[in-house]
Amino acid sequence: MRIIFSRKGFDSAAGGGASPIVDGRPISLPIPAGAASSTRYGDLGLGDLVSAASRGKLGADDLCHHDPMFREDGTCWFGQCGAAQTHLERQGVGLGDVFVFFGLFREEHGDGTRGDPHHRIFGYLRAEEIVALTESVPSEFAKEGHPHALALHGSNDVIWRGEGRMANHASDALRLTLPGASPSVWRRPDWLKRGGLSYHDRPSRWAKRGQLQSVARGQEFVADIGRRQAPREWLERIIELINS
C-alpha cells in the first residue's frame, strides 16, 4: 500500500498566497486555470477569499482549476497527467492507495490579523478507479465541469476517483508544519523514516529528529508503507479527523 502526500491549491507561486482558514475551517483555493475550465471562483463562492489571497489579482469572474473535485456523495475526482502522473505510475501507485491532499494555509482572525502560513492536510482520496481520458472521456466528468474532462492536459491524462472528503475544521493534528518554522519544515509522523518518501532522498532533509525539510516544488510524494501497521493506523486517524 502507498500513501501519497499530494500538494494542491494556492501558494506563493500558484495564486499568490495561502489558502485561508475561516472560522476554524480550512478552505483550499483552486489554482488559476491554466487550460480548459468552465468554473469561476464565484461559482464556488470563493470570489472574496481569492481576491484577498491573491491581493486583488484574481476575483470572482476568473476561471479556476477546480481539481480535486470533492462531491456531495462523499467521493472525489482528481485529475493528473504529465510528469506527476508518470511519477505515480513509476512508484506503483494504484487502486487502494490513498492520496492525502495538503496545501499552504493561514488563519484569518476576526480582528483582521493573520496566523502564520503553514502546510496542512485538508482532504483525502482513496483510489477506487483510474479513468484514462486519452481515448474517450466519460460524459459524467464533462457534465460536472471537471477540467481534465474538458480538454486533455497531457498524453497520459487520467482521473482518479473514489471515496474522498475535505476537512471541516483545522485540527492541529492535520498540520504538517512545525510550529514556529517555515512552511516546508514538517513534523513528520514517527513511521515516516529517512528515504521513505519519493523526491526526499537527500539525507540532509532528515537531519533533525522528528523533522523533514520538504521539497520546495513538486506535486506527488509517495510513501510505500508495505504491510506496516503504524502508517495504516496514522492514516485512519487522519481520515477520521477529516470526516469528523
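Residues numbered from 1 in each chain as written. Predicted model: local features only at pLDDT ≥ 70, side-chain atom pairs only at ≥ 80, totals over all residues. Heavy atoms only, no water.

Caption draft 1: Fine view of the overall build of the protein chain. Secondary structure summary: the protein chain contains five helices and eleven strands in total. Computed over C-alpha atoms, the radius of gyration of the protein chain comes to 17 Å, within 12% of the 18 Å expected from 2.2 N^0.38 for 244 residues, which places it in the range of a compact globule. With respect to the principal axes defined by its C-alpha atoms, the protein chain has extents near 50 × 45 × 30 Å. The buried share of the protein chain, taken over its 244 residues, is 48%. When the accessible surface of the protein chain is summed, it comes to about 11500 Å², and 47% of that surface belongs to carbon and sulfur atoms. (Helix = DSSP H or I, 4+ residues; strand = E, 2+ residues; numbered from the N terminus. Rg over C-alpha atoms; globule rule 2.2 N^0.38 Å. Buried < 20%, exposed > 50% of the residue type's maximum accessible area, 1.4 Å probe, protein only. Areas by Shrake-Rupley, 256 points an atom, 1.4 Å probe, with all protein chains shown as cover.)

Caption draft 2: Here's a closer look at the nonpolar core. By size, the foremost hydrophobic cluster in this structure holds 25 residues, and its most contacted members are Ile3, Phe5, Ile121, Trp191, Leu197 and Trp234. Secondary-structure elements contributing two or more residues to this core are strand 1 (2-7), strand 6 (98-108), strand 7 (118-132), strand 11 (220-224) and helix 5 (229-243). Sort the elements by how many residues they give to this core and helix 5 lands first, with five residues. Not counting residues up to four positions away in its chain, the partners in contact with Trp234 are Ile3, Phe5, Ile121, Pro189 and Trp191. Counting residues in each nonpolar core, the second largest holds 16 residues, with Cys76, Phe99, Ala127 and Trp160 among its members. (Core = buried A, V, L, I, M, F, W, Y, C linked by side-chain atoms within 4.5 Å. Contact = heavy atoms within 4.5 Å.)

Caption draft 3: Looking closely at helix 5. Counted at 1.5 Å a residue, the expected span for helix 5 with its 15 residues is 21 Å, and the 21 Å between its end C-alpha atoms agrees. Of the residues making up helix 5, those classed as buried are Pro231, Trp234, Leu235, Ile238, Ile239 and Ile242. Buried residues in helix 5, looked at end-on, bunch into an arc of 135 degrees, giving them a common side. Close packing links the buried residues of helix 5 with strand 1, strand 6, strand 7 and strand 8 (158-166). (Expected span 1.5 Å × (residues − 1). Arc of directions from axis to C-beta.)

Caption draft 4: Local environment of the side chain of Asp11. As for its placement among the helices and strands, Asp11 is situated in the loop between strand 1 and strand 2 (19-22). The buried category is assigned to Asp11, whose relative accessible area is 10%. Among the polar contacts listed, one links the side chain of Asp11 to the backbone nitrogen of Ala14, at a separation of 2.6 Å. If we skip the residues at most four places from it in the chain, Asp11 touches Gly16, Gly17, Leu104 and Arg217. (Polar contact = N/O pair within 3.5 Å; in protein donor to acceptor, adjacent residues only side chain to side chain.)

Caption draft 5: Quick peek at the packing of aromatic side chains. All chains considered together, the criterion is met by 15 aromatic pairs. Consider the rings of Phe10 and Tyr41, whose centres lie 6.5 Å apart with planes at 85 degrees: the pair is edge-to-face. Residue Phe10 is located in the loop between strand 1 and strand 2, and its partner Tyr41 is located in the loop between strand 3 (25-26) and helix 1 (47-53); the two are separated by 31 residues in the primary sequence. Relative to Trp186, the ring of Phe102 has its centre 5.1 Å away and its plane inclined at 85 degrees; by these criteria the two rings are edge-to-face. You can see Phe102 sitting in strand 6 and its partner Trp186 sitting in strand 9 (residues 185-187), a full 84 residues away along the chain. No difference in accessibility class separates Phe102 from Trp186, as the two residues are buried. (Phe/Tyr/Trp six-rings, centres within 6.5 Å; stacked < 30°, edge-to-face > 60°.)

Caption draft 6: How the structure looks around the pattern of salt bridges. Counted by the stated rule, this structure contains twelve salt bridges. For Asp172, the salt bridge is made with Arg187, and the minimal N-O distance between the two is 3.3 Å. Of this pair, Asp172 sits in the loop between strand 8 and strand 9 while Arg187 sits in strand 9, and the two are 15 residues apart along the sequence. Judged by relative accessible area, Arg187 falls into the partly exposed class, the value being 26%. By sharing partners, the salt bridges in this structure join Arg71, Asp73 and Glu144 into a single network. (Salt bridge = Lys/Arg side-chain N within 4 Å of Asp/Glu carboxyl O.)

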